[in-house]
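A structural walkthrough
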Amino acid sequence: MNFFEAKIIKTVKETSDTYSYIMETPEGFAWKAGQHAMFKFKDYDVADEKKERIFTIASAPEDGFLMFTTRISPEHTDFKEILLNKVKVGDVMLIADALGKFDLEMDKYDETLIIAGGVGITPIRSLLKHYAQDNVPAHRITLLYSDDRGEFAYGEFWNELKAQMTNLQLHLISDRDEFTSLIDKYAKEKLNTSEYLIAGSPGMNAAISEKLQSLGVEKDNIKTDNFMGY
Ligand SMILES: Cc1cc2nc3c(=O)[nH]c(=O)nc-3n(C[C@H](O)[C@H](O)[C@H](O)COP(=O)(O)OP(=O)(O)OC[C@H]3O[C@@H](n4cnc5c(N)ncnc54)[C@H](O)[C@@H]3O)c2cc1C
């Protein structure tokens, strides 16, 4: 497998347990918004059996830098321990070719509901940053970004996005009931005239996908980005 060397230029604590790692884009590395890649350390040995992790590239090509964002729970693997307590600016991450096809289909639908839970927001940040650059105001996008603790990543980014995209309705939600009722309301109103993107843990994706289908949304109109490993 081909790995590129990406130098870390900044780390950001996004929430009480979520961190972003920002890197220079290596020469020759290309990706599309919404894709993910395999990451390894160049400078550290990992004690876990699995030495690498897949992370979404949370930045868009338009950002001009590479970024991944990850949750580090109090109990965590050695890979996450290295990220939390050893990695520093100037270290090098190894990144493999980007993969994946998680995207909006603007030519097929007039509107999109995006449902993201916790760290599942990473591909959404990338996609919205990308589409904000060449915004299609006629395509309506509703984002329901849920976090039970009310801790949302990327701070000011959301205000910048709202200023750029008048077609974006953004809801940062910490109440599970509100989250569920907004999904219900939207699906009942739009049914199969909208596409539905879901990004979160496999459990969350399956539950919401089932719910949408029980409300009459066809499977073909639902796309999920599964973060296996959570
Ligand atoms: C397409 C794709 C995209 C992805 N994108 C992202 C992304 O953008 N960001 C991201 O963070 N992940 C992403 N993932 C998931 C990622 O690859 C990892 O699987 C995930 O971050 C878990 O990492 P980890 O194995 O180091 O476990 P950890 O995060 O350390 O732990 C996972 C769970 O196990 C528990 N645990 C771990 N070690 C212990 C222990 N010793 N004792 C008790 N409990 C423990 C933790 O508390 C936690 O609940 C993606 C996966 C895929 C397939």
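In this report, the structure presented in the accompanying data block is examined. (Residues numbered from 1 in each chain as written. Predicted model: local features only at pLDDT ≥ 70, side-chain atom pairs only at ≥ 80, totals over all residues. Heavy atoms only, no water.)

Considering the arrangement of structural elements, one finds Asn205 in helix α5 (residues 202–214). A C-alpha to C-alpha distance of 26 Å links Asn205 and Lys13, two positions 192 residues apart in sequence. Those residues within four positions of Asn205 in sequence are excluded, and the remaining contacts are Ile198, Ala199, Gly200, Thr224, Asp225 and Asn226. (Helix = DSSP H or I, 4+ residues; strand = E, 2+ residues; numbered from the N terminus. Contact = heavy atoms within 4.5 Å.)

Time to look at the environment of Gly100. Following the sequence through the fold, Gly100 ends up in the loop between β6 (92–96) and β7 (111–117). In sequence terms Gly100 and Thr56 are 44 residues apart; their C-alpha atoms lie 9.4 Å from each other. With residues up to four places along the chain from it excluded, the contact list for Gly100 reads Gln35 and His36.

Across the sheet, six strands lie side by side as β4-β3-β6-β1-β2-β5; this open sheet has antiparallel pairing. With one partner strand each, in any of the chains shown, β4 (53–56) and β5 (66–71) form the two edges of the open sheet. The sheet shows a mean angle of 40 degrees between the axes of neighbouring strands, taken without regard to direction. Both strand β1 (residues 3–15) and β6 contribute to a ladder of five bridges, which runs antiparallel. Of the residues in β6, the one forming a bridge with Phe4 is Ile95. (Pairing = 2+ DSSP bridges. Axes fitted to C-alpha atoms, helices over the stretch in contact; angles between N-to-C directions.)

The next subject is the packing of helix α2 (residues 122–133) against helix α3 (residues 157–164). Two elements in contact, α2 and α3, have axes whose closest approach is 10 Å; the angle formed by their N-to-C orientations is 35 degrees. Both α2 and α3 take part in a crossing whose hand is left-handed. In contact with Arg125, Leu128, Lys129, Ala132 and Gln133 of α2, α3 contributes Phe157, Trp158, Leu161 and Gln164. A class-by-class count of the residues in the contact of α2 with α3 yields five nonpolar, two polar and two charged. (Left-handed = near helix turned anticlockwise from the far one by under 90°. Nonpolar A, V, L, I, M, F, W, Y, C, P; charged D, E, K, R; others polar.)

Taken together, five strands build an open sheet; the order of strands is β9-β8-β7-β10-β11 and the sheet is parallel. Each end of this open sheet is capped by a strand with a single partner; those strands are β9 (168–173) and β11 (222–226). The mean inter-strand angle of the sheet, taken between neighbouring strand axes irrespective of direction, is 10 degrees. Pairing between β7 and strand β10 (residues 194–200): six bridges, direction parallel. Following the sheet pairing, Ile115 is matched in β10 by Ile198. Strands β7, β8 (140–146), β9 and β10 of the sheet are contacted by helix α4 (residues 176–190), whose axis makes an angle of about 160 degrees with β7. On top of the sheet, α5 reaches β7, β10 and β11; it is set at about 155 degrees to β10, its chief contact.

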